[in-house]
Amino acid sequence: MRAVTFQAPNEVRVKDVPEPVLLDAGDAIVRIEATGVCGSDLHIYHGRVKIEPGFIIGHEYVGSVLAVGDAVHDVAVGDRVLGCFQTACGHCFFCRRGLFHKCDSSRTFGHGAALGSLQGTQAEQALVPSADLVLRRVPEGMSDEMALFAGDVAGTGYHAVVDSGFHPGDTVAVLGLGPVGLCAVQAARACGAAHVVAVDTVPERLAMAESFGAQAVHLEQGDPRAAVREATAGRGVDLCIDAVGHPSALDLAVRLTRKCATVQSVGVYAERVELHMGLVWIKALRLCTGHANVLAHVDPVLAMMSAGLLDPTPLVTHHMSLDEAPEAYALYDRREALKILLRP
Ligand SMILES: [Zn+2]
Ligand SMILES: [Zn+2]
């Protein structure tokens, strides 16, 4: 089968590789019909996240079930399914508390040996362990463009809101309007945010946030602190979501957030960061971090998509074939696309 493999920094190649086979009774094999290119794939592409040359990348996918092991009960051969970007065992200390994202034996698709040696989904077929936990049937009538988001980006945007002690009527600021930030804007509105201030520097992304119901503020040409003061009677927002993963975004988040409120960092951090702890302390802020518990959120996110409350499909800017993956990665690297779907 054909698959997109990492070769070296700034080089991916579509190669012929062996088809996957069932290895465990809980496995399924999915024929991939659409697979996304994600910001985390770009970290691999740049060589910042290290994986073995030749490893298949990708972790966002929709397809149909080709085979299941004896212990799989919730999906069957022929079902149209979407999947989450990581797996979980379902019975360790963390899974029993619903913290699937911190499962002791979790594996992430397409991230090499460091995250469980699970081949990625930018391929004609993918092996899916713990299929009952990881896969869901696509609700009747839902498009690939919509369903694909439930297992990663929309689940992360939803997590950024609901994992933060959010209440309907709260004010929210979202820093960084990539796909996750834009999904967080939509989730905040859908969950009942009274006002959302959305901050970025790219005009198209600000316009999309506005179309999702946010007040768009340009980071440099506008004044995010003044906008938040005005929207909150000078207090600061009840929740600030950092969807950037950069010290300057974290610093701004601490300043935009009111006393006793929450900063939620879903943007990726991998290194030491200087934080004004005096400000965090005197404001008594809560700091939430980490990647999203998408396995726990996939059902409500799908329900909200079915109900029309969440619709990330405007984020899909490019449709390309799997064989065009090298061009797709170059294009995404130039920030000329929000979400690219590859079809085998
Ligand atoms: Zn992703
Ligand atoms: Zn577990």
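Residues numbered from 1 in each chain as written. Chains lettered and ligands numbered in written order. Predicted model: local features only at pLDDT ≥ 70, side-chain atom pairs only at ≥ 80, totals over all residues. Heavy atoms only, no water.

### With respect to the coordination of the zinc ion (ligand 2)
For the zinc ion (ligand 2), every protein donor is listed as C89 (SG), C92 (SG), C95 (SG) and C103 (SG), and the spread of their distances is 2.3 to 2.4 Å. Coordination at the zinc ion (ligand 2) is tetrahedral: its four donor atoms span angles of 105 to 115° at the metal. A relative accessible area of 12% means that C92 is categorised as buried. (Donors = N, O, S within 2.8 Å, 3.2 Å for Na, K, Ca; no water. Tetrahedral: all angles 85-135°; square planar, octahedral: opposite > 155°, others 65-115°. Buried < 20%, exposed > 50% of the residue type's maximum accessible area, 1.4 Å probe, protein only.)

### What to know about the coordination of the zinc ion (ligand 1)
Ligation of the zinc ion (ligand 1) by protein atoms is provided by C38 (SG), H59 (NE2) and D152 (OD), these donors lying 1.7 to 2.1 Å from the ion. Sequence spacing among the residues donating to the zinc ion (ligand 1) works out to C-x20-H-x92-D. Residue C38 is located in the loop between β3 (28-37) and α1 (39-45), and its partner D152 is located in the loop between α4 (144-150) and α5 (153-162); the two are separated by 114 residues in the primary sequence. For C38, a relative accessible area of 8% translates into the label buried. (Helix = DSSP H or I, 4+ residues; strand = E, 2+ residues; numbered from the N terminus.)

### Side note on the state of the cysteines
Evaluated as defined, the whole model comprises zero disulfides. Unpaired in terms of disulfides, C240 finds its nearest cysteine sulfur in C288, a separation of 12 Å. (Disulfide = S-S within 2.5 Å.)

### A closer look at the packing of α5 against helix α11 (residues 294-306)
Direction vectors running N to C along α5 and α11 enclose 100°, while the axes themselves pass 9 Å from each other. With respect to their mutual orientation, α5 and α11 come out roughly perpendicular. On the side of α5, the interface is formed by A154, G155, T156, Y158, H159 and V162, while α11 contributes V294, H297, P300, V301, M304 and M305. For the contact of α5 with α11, the class distribution of residues is eight nonpolar, four polar and no charged. (Axes fitted to C-alpha atoms, helices over the stretch in contact; angles between N-to-C directions. Parallel < 35°, antiparallel > 145°, perpendicular 65-115°, else oblique. Contact = heavy atoms within 4.5 Å. Nonpolar A, V, L, I, M, F, W, Y, C, P; charged D, E, K, R; others polar.)

### Quick look at the sheet that holds strand β11 (residues 237-242)
Whether parallel or antiparallel, the strands of a sheet pair through hydrogen bonds between backbone atoms. Strand order in the open sheet formed by six strands is β10-β9-β8-β11-β12-β13, with parallel pairing between adjacent strands. One side of each edge strand has no neighbouring strand; the edge strands of this open sheet are β10 (215-218) and β13 (286-289). On average, each strand axis in the sheet is tilted by 20° relative to the strand beside it, whichever way the strands run. Pairing of strand β12 (residues 257-265) with β13 involves four bridges; the strand directions are parallel. Bridging from a neighbouring strand, Q264 pairs with C288 of β13. Sheet contacts for α5: β11 and β12; angle to β11, the most-contacted strand, approximately 145°. Where helix α9 (residues 247-256) meets the sheet, it contacts β8 (171-175), β11, β12 and β13, and its direction lies at approximately 150° from that of β12. (Pairing = 2+ DSSP bridges.)

### Details of helix α6 (residues 179-190)
The terminal C-alpha atoms of α6 lie 16 Å apart, and with twelve residues this matches the ideal 16 Å at 1.5 Å per residue to within 8%. With nine of twelve residues buried, α6 lies mostly within the body of the structure. Those residues of α6 lying buried are P179, G181, L182, C183, A184, V185, Q186, A187 and A188. (Expected span 1.5 Å × (residues − 1).)

### What about α5?
Most of α5 sits inside the fold, with nine of its ten residues counted as buried. Here α5 has its buried residues at V153, A154, G155, T156, G157, Y158, H159, A160 and V161. Buried residues along α5 sit against α4, α6, β11, β12, α11 and β15 (339-343).

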